[in-house]
Amino acid sequence: MKKLLLLACIAMTLAPVQAQAQEKKEGKTIIKLPQWISDVKLSGYGMLQYQATSQEGAKANTFNLRMARIALDGRIVKDFYWKAQIQFNGNTATLGSSPRVVDLFVEWQKYPFAMIKVGQFKRAFTFENPMHPIDQGFMSYSQNISALAGFSDRAGGHASNGRDIGIQVQGDLLKNSAGRNLLHYQIGVYNGQGINTADADQQKDIIGGIWVMPVQGLRIGAFGWAGSYARKGNWEELAADGVNIVTHNNEVRRLQQRRYAFSAEYKANDWTFRSEYIHATGKAFKTRNQKSGDTSDCTINEAIGDKADGIYALAIAPVVKKKLYAKARYDMYRSTGDWNSAKALYEVGLNYVIHKNIQINAEYAFVNDRSLEKHNYNMFDINLDFRF
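Residues numbered from 1 in each chain as written. Predicted model: local features only at pLDDT ≥ 70, side-chain atom pairs only at ≥ 80, totals over all residues. Heavy atoms only, no water.

Draft legend 1. Focus on the overall build of the chain. The number of helices and strands found in the chain is four helices and 19 strands. A total of 388 residues make up the chain; the buried ones form 44% of that total. Long-range pairs, those at least 24 residues apart, make up 57% of the contacts in the chain with a sequence separation of at least 6. For the chain, the computed accessible surface area is about 20200 Å², with 60% contributed by carbon and sulfur atoms. (Helix = DSSP H or I, 4+ residues; strand = E, 2+ residues; numbered from the N terminus. Buried < 20%, exposed > 50% of the residue type's maximum accessible area, 1.4 Å probe, protein only. Contact = heavy atoms within 4.5 Å. Areas by Shrake-Rupley, 256 points an atom, 1.4 Å probe, with all protein chains shown as cover.)

Draft legend 2. Seen up close, unusual backbone geometry. Within the chain, Asn161 stands out as a residue other than glycine whose phi angle is a positive 55°. Secondary-structure assignment places Asn161 in the loop between α4 (143–148) and β8 (163–175). Even without being glycine, Asn250 reaches a positive phi, approximately 55°. Mapped onto the elements of the fold, Asn250 is located in strand β12 (residues 245–268). Among the residues examined, Asn250 registers a relative accessible area of 40% and is labelled partly exposed.

Draft legend 3. A look at the pattern of salt bridges. Per the stated rule, a full pass over the model turns up 15 salt bridges. For the salt bridge of Glu265 with Arg274, the shortest nitrogen-to-oxygen distance reads 3.3 Å. What you see here is one network of salt bridges that share partners, running through Glu128, Arg219, Glu265 and Arg274. (Salt bridge = Lys/Arg side-chain N within 4 Å of Asp/Glu carboxyl O.)

Draft legend 4. Representation of the side chain of Thr197. With respect to the secondary-structure elements, Thr197 resides in the loop between β9 (181–190) and β10 (205–212). We classify Thr197 as buried; its relative accessible area is 13%. Here Ile195 takes part through its backbone oxygen, which lies 2.9 Å from a polar atom of the side chain of Thr197. (Polar contact = N/O pair within 3.5 Å; in protein donor to acceptor, adjacent residues only side chain to side chain.)

Draft legend 5. Summary view of the pairing of β12. When strand β11 (residues 218–238) meets β12, the two strands line up antiparallel, connected through 20 bridges. Paired with Tyr229 across the strands is Leu255, a residue of β12. What sits between the antiparallel neighbours β11 and β12 is a turn of six residues, in which Gly242 has the positive phi angle 75°. The loop that links β12 with its antiparallel partner strand β13 (residues 271–281) comprises two residues; one of these, Asn269, has a positive phi angle of about 55°. (Pairing = 2+ DSSP bridges.)

Draft legend 6. Representation of the packing of aromatic side chains in the model. Enumeration according to the criterion identifies 18 aromatic pairs in this entry. An angle of 85° between the planes, with centres 5.7 Å apart, marks the rings of Phe127 and Phe223 as edge-to-face. Of the two residues, Phe127 sits in the loop between β7 (115–122) and α4 while Phe223 sits in strand β11, which places them 96 residues apart along the sequence. Residue classification places Phe223 among the buried residues on the basis of a relative accessible area of 4%. Where Tyr330 meets Tyr346, the ring centres are 5.4 Å apart and the plane angle is 50°; that geometry is what we call tilted. Of the two residues, Tyr330 sits in strand β16 (residues 324–334) while Tyr346 sits in strand β17 (residues 342–355), which places them 16 residues apart along the sequence. Taken together, the ring pairs in this structure connect Phe125, Phe127, Trp211, Phe223 and Trp225 into an aromatic cluster. (Phe/Tyr/Trp six-rings, centres within 6.5 Å; stacked < 30°, edge-to-face > 60°.)

Draft legend 7. Up close: the confidence of the model for the chain. In this model, the chain carries a mean pLDDT of 90, and residues with pLDDT of at least 70 account for 88%. Taken together, the stretch residues 1–21 has pLDDT below 50 and engages in 20 contacts with residues farther than four places along the chain or on a different chain. (pLDDT = per-residue confidence, 0-100.)

Draft legend 8. Region of interest: the environment of Leu72. As for its position among the elements, Leu72 is in strand β4 (residues 60–77). For the pair Leu72 and Gly44, spaced 28 residues apart in sequence, the C-alpha to C-alpha distance is 8.6 Å.

Draft legend 9. Spatial organisation of the pairing of β17. Relative to β17, β16 is paired through 11 bridges, and the arrangement is antiparallel. When the bridges of β17 are listed, Ala328 appears paired with Val348. Both β17 and strand β18 (residues 358–369) contribute to a ladder of 12 bridges, which runs antiparallel. If you follow Ala344 over to β18, its bridge partner there is Asn368. Connecting β17 to the next strand, β18, in antiparallel fashion are two residues.

See below:
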């Protein structure tokens, strides 16, 4: 079945190939496919969810089609790796933006110390952002990753799964006597507008990170982000005289963004420990999910100010090695950078690996959200995840 799907995806490519790559053998016509087509791989995964919450005024108890993705990847020639990936969402609130392209890039990998990637891909920010959603281990990425790494970004950008369009250089350096690299770096230049969107203000985001790996399984890193998020639209603001109101129509409004993160992870002997702190400065738009090119509301969200931060710390421990895991996570995010806006999740759960390609993840979370009148409520989440 996989081969049939793969052939369907590249059928239009095969048409000219067939005209050019035919030969006669023992009276029969044999079609020879180029090596890059033979090397193309089809993969994907799905995440099915049940979630319940006791939040006052927002109680829920529902099954969800959380996410599905289908990807093609391979090598054009030996040193050039490529990938294309599409995402589908089952949430009725986002059907308008599904399906959508999440990855489309090519990477020159000839030199491990300087690999160059061009296209749409993960931003070079934090350890957790580039992780596979299933391997990440919990019911969602942590709050600070979601808000400050380009998922449902605090600045008001559309959902972009931590990705943007640009160019990146990354590599590994300083091999020890055992041949293990001790240092990794990555730096990228991006539009700053998220996936499938052109630059709005001609100012690029520069994002980079560096980490050391002093012992097997341990990495300690730091990341920085300097750029902007912008959109074209309408807004009003107070004039320099402090009295009059200036009206802007169909103009570009730019919000500068500055972020940094500190990260640490230890992963060995089937155990995982990870923690990351992110700090951000920069204002945010009051609305989100604007369409590229539309005239939009560019009003600033004054209520959340220009600062935010968050931290998470987690542990995933084997109960039965490679089969059953216990997990716990502390996940706190402050949308205005102070404790009055703090939302903390205290999570515990189990992950059960039925097969290397299918698993069940379950967890309970006690939530303390200081922005609500009634701070505390409970959540329960169970995911059935599969890959092919």
